[in-house]
Amino acid sequence: MKATQRRSSSSRLRTFGQSEPQIALDSLQGNIVPGFSKDHQWFLYYGLVDPQAGRRSLSELAHHVSSAAEVLAFNRLYRALRRRRGSEPGGLAATWVNLAFSFPGLTALLPANQLVGFRDEAFKIGLPTRSALIGDPPTTKEWVIGGPGNIPDLVVIVAADREEDASDTAREVDGLLAGWKQLHVDRGRVRPDLSGHEHFGFKDGISQPGMRGLASSQARDYITPRVLASSDQDAQLYAAPGQPLVWPGQFIFGYPTQDTVDPMAAGPVADQVPYWGRNGSYMVVRRLRQDVSAFNSFVKDLSGKCGLPADLVGAKLVGRWQSGAPVMRATSHDIPQLGSDRVAANDFAFAAAGMKHRYRRGIKVGDFPLSLADLNGNVCPHAAHIRKVNARDEGTDLGGLAKSMSMRILRRGVPFGPPFDPADQNSANVERGLIFVSYQTSIEEQFEQLTIDWVNSAILPKGGGFDPVIGQNGAGARGRTFEIVPGTSISITTEWVRSTGGGYFFAPPIDALSTTLGPTA
Ligand code: N7H
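Reading the values: rules and limits
- Residues numbered from 1 in each chain as written.
- Predicted model: local features only at pLDDT ≥ 70, side-chain atom pairs only at ≥ 80, totals over all residues.
- Heavy atoms only, no water.
- Helix = DSSP H or I, 4+ residues; strand = E, 2+ residues; numbered from the N terminus.
- Expected span 1.5 Å × (residues − 1).
- Buried < 20%, exposed > 50% of the residue type's maximum accessible area, 1.4 Å probe, protein only.
- Arc of directions from axis to C-beta.
- Contact = heavy atoms within 4.5 Å.
- Donors = N, O, S within 2.8 Å, 3.2 Å for Na, K, Ca; no water.
- Pairing = 2+ DSSP bridges.
- Salt bridge = Lys/Arg side-chain N within 4 Å of Asp/Glu carboxyl O.
- Lys, Arg positive; Asp, Glu negative; His and termini not counted.
- 1 Å grid on protein atoms, 1.4 Å probe; cavity = no way out; pocket = protein on both sides within 12 Å on 5 of 7 lines; lining within 4 Å.
- Points joined across faces, edges and corners; volume = space filled by probe spheres on them.
- Nonpolar A, V, L, I, M, F, W, Y, C, P; charged D, E, K, R; others polar.
- Near = heavy atom within 4 Å.
- Polar contact = N/O pair within 3.5 Å; in protein donor to acceptor, adjacent residues only side chain to side chain.
- Axes fitted to C-alpha atoms, helices over the stretch in contact; angles between N-to-C directions.
- Parallel < 35°, antiparallel > 145°, perpendicular 65-115°, else oblique.
- Left-handed = near helix turned anticlockwise from the far one by under 90°.
- Disulfide = S-S within 2.5 Å.

Colleague: Any chance you could explain helix α7 (residues 163–176) here in plain terms?
Modeller: Taking 1.5 Å per residue, 14 residues should reach 20 Å; α7 reaches 20 Å between its end C-alpha atoms and fits that length. Those residues of α7 that sit buried are D165, A166, T169, A170 and V173. Relative to the axis of α7, the buried residues are bounded by an arc of 130° and lie together on one face. In α7, the exposed positions that point more than 90 degrees away from the buried face belong to R171 and G175. Buried-residue contacts for α7 involve β1 (40–48), α2 (51–61), β2 (95–101) and β3 (154–160).

This is the structure:
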């Protein structure tokens, strides 16, 4: 379905003009915005066995669900303390709970007339059936959760700073959920040896879209902190360099979407859910198993073949060095201080050369080499992971910057399993990976379009082969190609990221748990 069909023209934005809407943070779940960012994130999956008891327990659980208002207040306090002390503020802790339903779950809970507003076909059809379309091998029967006959009705996320808090709260949630049967638990855990890095070793969670929207009726009480000084030429379009401001309807229902032609303009209100779904969001979960040993061997072999150092090969596959430094700014060797600089690490483009910015008072940004225009993919290969999934300023087959902005997703993933230890022979046999989570208002036009049209394509958006980290070739032997140097195609025959479960869910507004989804509806 096309964007123009998805959002009715009758709801075209008139009243908001160009001013940003206030987001109803009390009814929005906090992992959508601003995101939990906790070291321990457990995913508890449930099937509904007794709808009446199940509904009653949902209204009990509603009191435990953490709102965006609470999480934002906590995160702001955390940042303020870190600024004042100059180090991570130990001792400040919180435990959060969020939840989401699959379409079969909502169908079991609600009469059909409460579901007619859901228009996203991918959500209704579900991940196991869409799995082939997004390139997975036909192994859904082996999925630990979310495969045929194994589809959860509900997923609860428990997020905490300490493992014992996650465990206690998970037990408490489980005790409350009468009428629901626990099917599976995944214990997500930020790497204890390399916090913020995923299992291949690369720093993650650097680049997110800057959602437009206010936390209160106060002008400039922006949910996404603004880093650029208002005198900077990019201040109207970017929260921080490399972080464009996207209208909130791309992530939360009930708000104006991003216009797909004008990067500054709002589009129609995202309203393709039932009335009670406003302030909700679709949540994609992919349980992605990572084979670190296979990835490392590939990097080593390719380094031998192309003559580039192994760490540069890795950087060119991802688009960033393991430190997080973008290859566009650290072109021949890693600059770890750049990777640690929250603002500078995301300040680059692909089509235009980078430039100096003006920052708000109190924002300190390091002085590192600026990126140069890289239209041919000589510095950052066109198919490098971060270039496939975010074209930044470069036009694509689907449109310009505004169209790419409309395809952005809020990523909230967390690793699972212990870190890989090359010195331990058994380490390769232990399961590890990423619980990939994204929030968006269209699974079809955001998560799936990114995956099908670009990640899994050898030629789009700009050629250069498949995304070497997550790209899949659904057909037959599943081999892929990748150009580390433009015009020289190498073949990839091994797979180091494989799906082992997940689902398409809807994260409702918190108040719907005691009204529409509550005991008496
Ligand atoms: Fe990716 N990796 O370690 O290579 N990802 N990702 N991802 N990813 C990103 O910029 C990784 C996956 C996106 O705005 C970084 O925050 C791994 C899926 C997007 O510049 C790293 C897996 C999808 C971005 C990784 C995995 C995406 C992004 C750099 C699976 C959805 C932002 C850190 C095991 C289609 C790009 C950062 C931007 C960044 C890795 C999965 C999407 C290091 C290992 C399934 C949109």
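Colleague: Is there a simple way to think about the coordination of the iron atom of the ligand in this case?
Modeller: A metal bound by six donors in octahedral fashion has ideal angles of 90 or 180 degrees, whereas one bound by four tetrahedral donors has an ideal angle of 109.5 degrees. No protein donor other than H385 (NE2) coordinates the iron atom of the ligand, and that contact is at 2.1 Å. If you trace the backbone, H385 turns up in helix α11 (residues 385–389).

Colleague: Please explain the pairing of strand β16 (residues 497–507) as it appears in this structure.
Modeller: Consecutive residues of a regular strand have side chains that alternate between opposite faces of the sheet. Extensive coverage of β16 is indicated by the burial of ten of its eleven residues. The sheet contact formed by strand β10 (residues 281–290) and β16 spans nine bridges and is antiparallel. When the bridges of β16 are listed, Q290 appears paired with V497.

Colleague: Teacher, can you tell me more about the pattern of salt bridges here?
Modeller: Two side chains of opposite charge can pair, provided their charged atoms sit close to one another. Tallying each qualifying case throughout the model produces 22 salt bridges. Here R130 ties to E444 by a salt bridge, and the two come within 4.0 Å at their closest N and O atoms. One end of the pair, R130, is in helix α6 (residues 127–130); the other, E444, is in helix α13 (residues 443–455), with 314 residues separating them in the sequence. Since its relative accessible area comes to 12%, R130 is described here as buried. One salt bridge connects R287 with D186, and the closest N-O pair in it is separated by 2.8 Å. Residue R287 is located in strand β10, and its partner D186 is located in strand β4 (residues 180–189); the two are separated by 101 residues in the primary sequence. Note on accessibility: R287 and D186 belong to one class, buried. Each member of the salt-bridge network shares a partner with another, and the members are D186, R287, R289 and E431.

Colleague: Please explain the side chain of R408 as it appears in this structure.
Modeller: Take R408: it is sitting in the loop between α12 (401–406) and β11 (410–411). In this structure, R408 is buried with no salt-bridge partner, the nearest side chain bearing the opposite charge being D204 at 10 Å. Those residues in contact with R408, other than ones at most four positions away along the chain, are S207, Q208, P209, P244, F251, N390 and Q446.

Colleague: Mind showing me how you'd approach helix α3 (residues 68–85) here?
Modeller: Think of an α-helix as turning once every 3.6 residues; residues three or four places apart then point the same way. When the terminal C-alpha atoms of α3 are compared, their 25 Å separation across 18 residues agrees well with the 26 Å that a helix rising 1.5 Å per residue should span. Inspection of α3 places A68, V71, L72, F74, N75, L81 and R82 among the buried residues, and these make up the whole buried set. Positive backbone phi, approximately 75°, marks G86, located one or two places after α3.

Colleague: Just checking my understanding: could you explain empty space enclosed by the protein for this structure?
Modeller: Over the atoms, a rolled probe matching the size of one water molecule traces out where space is still vacant. A complete count under the given rule lists three cavities of 30 Å³ or more for this structure. Reported here for the second largest cavity is a volume of approximately 40 Å³. Lining the second largest cavity, in full, are F350, H382, R387, A391, E394, P461 and K462. Looking at the lining of the second largest cavity, its residues break down into three nonpolar, one polar and three charged.

Colleague: Would you mind showing me how to read the site of the ligand here?
Modeller: Around the ligand sit 25 residues in total, of which I206, S207, H385, R392 and R411 are the nearest. Between the ligand and S207, the relevant distance is 2.6 Å, taken from an oxygen atom to a side-chain nitrogen or oxygen of the residue. Secondary-structure elements contributing two or more residues to the shell around the ligand are β10, α11 and β13 (433–440). A per-element tally of the shell around the ligand places α11 first, with three residues.

Colleague: Just to check I follow, could you spell out the environment of S332 for this structure?
Modeller: Here S332 lies in the loop between α9 (310–318) and α10 (336–340). Sequence spacing of S332 and L115 is 217 residues, and the spatial spacing of their C-alpha atoms is 53 Å. Leaving out residues up to four positions away in the same chain, S332 has contacts with L312 and W321. Looking at S332, its side chain comes within polar contact range of the side chain of H333, at 3.2 Å.

Colleague: Before we go on, may I ask you to explain the packing of helix α8 (residues 292–306) against α9 in this structure?
Modeller: Packed helix pairs are specified by the crossing angle of their axes together with the interaxial distance, meaning the distance between the axes. Taken N-terminus to C-terminus, the directions of α8 and α9 make an angle of 110°; their axes are 8 Å apart at the nearest point. Accordingly, the angle class assigned to the pair α8 and α9 is roughly perpendicular. In this structure, α8 meets α9 at a crossing whose hand is right-handed. Two secondary-structure elements touch here, α8 through F295, F298, V299, L302, S303 and C306 and α9 through A310, V313, G314 and L317.

Colleague: How should I be thinking about the sheet that holds strand β7 (residues 243–246) in this particular structure?
Modeller: In a beta sheet, neighbouring strands are held together by backbone hydrogen bonds and run either parallel or antiparallel to one another. Strand order in the open sheet formed by three strands is β5-β7-β6, and the pairing between neighbours is mixed. Both outer strands of the open sheet, β5 (210–211) and β6 (238–240), are each paired with one neighbouring strand and no more. The pairing of β5 with β7 spans two bridges and is parallel. Within β7, the residue paired with G210 across the bridge is L245.

Colleague: Just checking my understanding: could you explain the state of the cysteines for this structure?
Modeller: One way to say it: the disulfide is the covalent bond shared by the sulfur atoms of two cysteines. For the structure shown, the criterion picks out zero disulfides. Looking at C306, it has no disulfide partner, and the nearest cysteine sulfur is the one in C380, 15 Å off. Look at C380 and you get buried, because its relative accessible area is 0%.

Colleague: Could you clarify how one ought to interpret the pairing of β3 in this entry?
Modeller: Of all seven residues that make up β3, seven are buried, and the element is covered over most of its length. Residues L154, V156, V158 and A160 line one face of β3 and the alternating positions V155, I157 and A159 line the opposite face, and both faces are buried. Where β1 meets β3, seven bridges bridge the pair, whose relative direction is antiparallel. Within β3, the residue paired with F43 across the bridge is I157. When β2 meets β3, the two strands line up antiparallel, connected through seven bridges. In the sheet register, L99 faces β3, and the bridge partner there is V156.

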